[in-house]
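# A closer look at the structure
Spelled out from the first residue to the last, the chains are:
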Amino acid sequence: MSHSTERQKLPRDFYLRDGLEAAEMLLGKILVHDSPDGLTAGRIVELEAYMGENDKGCHAYGGRRTARTEIMYAEGGHAYVYLIYGMYCCMNIIVNRESVPHCIFLRALEPVSGLELMKRRRGTDKLRNLCSGPGKLCIAMGIDKSLYGEDLCGNRLWLEDDGFTPEILRGRRININYAEEAADFDWRFAVKGCKWLSAKI
């Protein structure tokens, strides 16, 4: 595993690829949010791929095109943020070309910048607990529903590449037992040896 000090914002073309390919490519990239409270950043260390209308685990399964899922049909490089349990936000990265609703669900980050702000938002000093789950990372990063549809090629929420090349582990996606056979697909990806994951893989 290696990385350089130079960080470059990911261009649109990066996102215009198949969900499974994008998942592996996004692992290790750095998510940055420049909010009114300050700038925070975290390295993506765990994520899941959701592969559109034929994936029973995906919000767009069967062609469900609703007000909530509409952004999934945009071209790659947009944020899909939604609420779970009526209180926690989760973030997905839309990938692939327009009208193909593939998305990458963020499960865990390694905190990189803005740690004091993250700690205040989360109400904890425990670094390993700051971003070790989908809801946790959104709170720590200040990501809420106001970022639904945000263009990841803009200046508010974006991803960067610092040259980090992770060794990748694959496993079953988490908490989608309702998805029948799709619950067994090994479409969860994580950085090998990472201590920041939401759960073992």
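Above this text sits the structure in question.
This text gives an overview of the structure that appears in the document.

Calculation criteria
- Every chain is numbered independently, its residues counted from 1 as its sequence is written.
- Per-residue local features of the predicted model are confined to residues with pLDDT of at least 70, and side-chain atom pairs are confined, for both listing and counting, to 80 or more; whole-chain, interface and lining totals are unaffected and use all residues.
- The side-chain numbers reported here are obtained from all heavy atoms of the structure, hydrogens and water having been left aside.
- Elements are defined by DSSP. Helices are runs of H or I of four residues or more, strands are runs of E of two residues or more, and each kind is numbered from the N terminus.
- Computation of the radius of gyration draws on C-alpha atoms, with the globule rule given as 2.2 Å multiplied by the number of residues to the power 0.38.
- Burial classes: relative accessible area under 20% of the type maximum marks a residue as buried, over 50% as exposed, and values in between as partly exposed (1.4 Å probe, protein chains only).
- Here a residue-residue contact requires only that any non-hydrogen atoms of the pair lie within 4.5 Å.
- For every accessible area listed, the method is Shrake-Rupley and the probe measures 1.4 Å; residues are considered covered only by the protein chains on display.
- Only four residue types enter the tally: Lys and Arg on the positive side, Asp and Glu on the negative side; His and the chain ends are excluded.
- Note that the charge is assigned to NZ on lysines, CZ on arginines, CG on aspartates and CD on glutamates.
- Note on aromatic pairs: the rings of Phe, Tyr and Trp (six-membered ring only in Trp) are paired at centre separations within 6.5 Å, and the planes decide the class, stacked below 30 degrees, edge-to-face beyond 60, tilted for the rest.
- Only buried residues count toward a nonpolar core, which is a set of Ala, Val, Leu, Ile, Met, Phe, Trp, Tyr and Cys residues joined through side-chain atoms within 4.5 Å.

Counting secondary structure elements, the protein contains four helices and nine strands. Against the compact-globule benchmark of 17 Å for 201 residues, the protein has a radius of gyration of 16 Å, which places it among compact chains. Overall, the C-alpha framework of the protein stretches about 45 × 35 × 35 Å when taken along its three principal axes. Every one of the 201 residues in the protein was classed for burial, and the buried ones make up 52%. In the protein, of all internal contacts separated by at least 6 residues, the share reaching a separation of at least 24 is 62%. Of the roughly 9300 Å² that the protein leaves accessible, carbon and sulfur atoms contribute 47%. Across the protein, the centroid of the 28 positively charged side chains sits 6 Å from that of the 28 negatively charged ones.

Turning next to the packing of aromatic side chains. Counted under the stated rule, the structure contains five aromatic pairs. Their ring planes at 80 degrees and their centres at 5.6 Å tell us that Phe14 and Tyr15 sit as a pair that is edge-to-face. Residue classification places Phe14 among the buried residues on the basis of a relative accessible area of 9%. Ring centres 6.4 Å apart and planes at 85 degrees place the aromatic pair Tyr50 and Phe105 in the edge-to-face group.

Grouped together as the largest cluster of nonpolar side chains are 43 residues, with contacts concentrated most on Leu26, Met91 and Ile93. Beyond its immediate chain neighbours, meaning those up to four positions away, Met91 contacts Leu31, Ala79, Tyr80, Val81, Ile104, Phe105, Leu106, Cys138, Ile143, Leu152 and Leu157. Counting residues in hydrophobic clusters, the runner-up holds 17 residues, among them Met72, Ala74, Tyr82 and Cys90.

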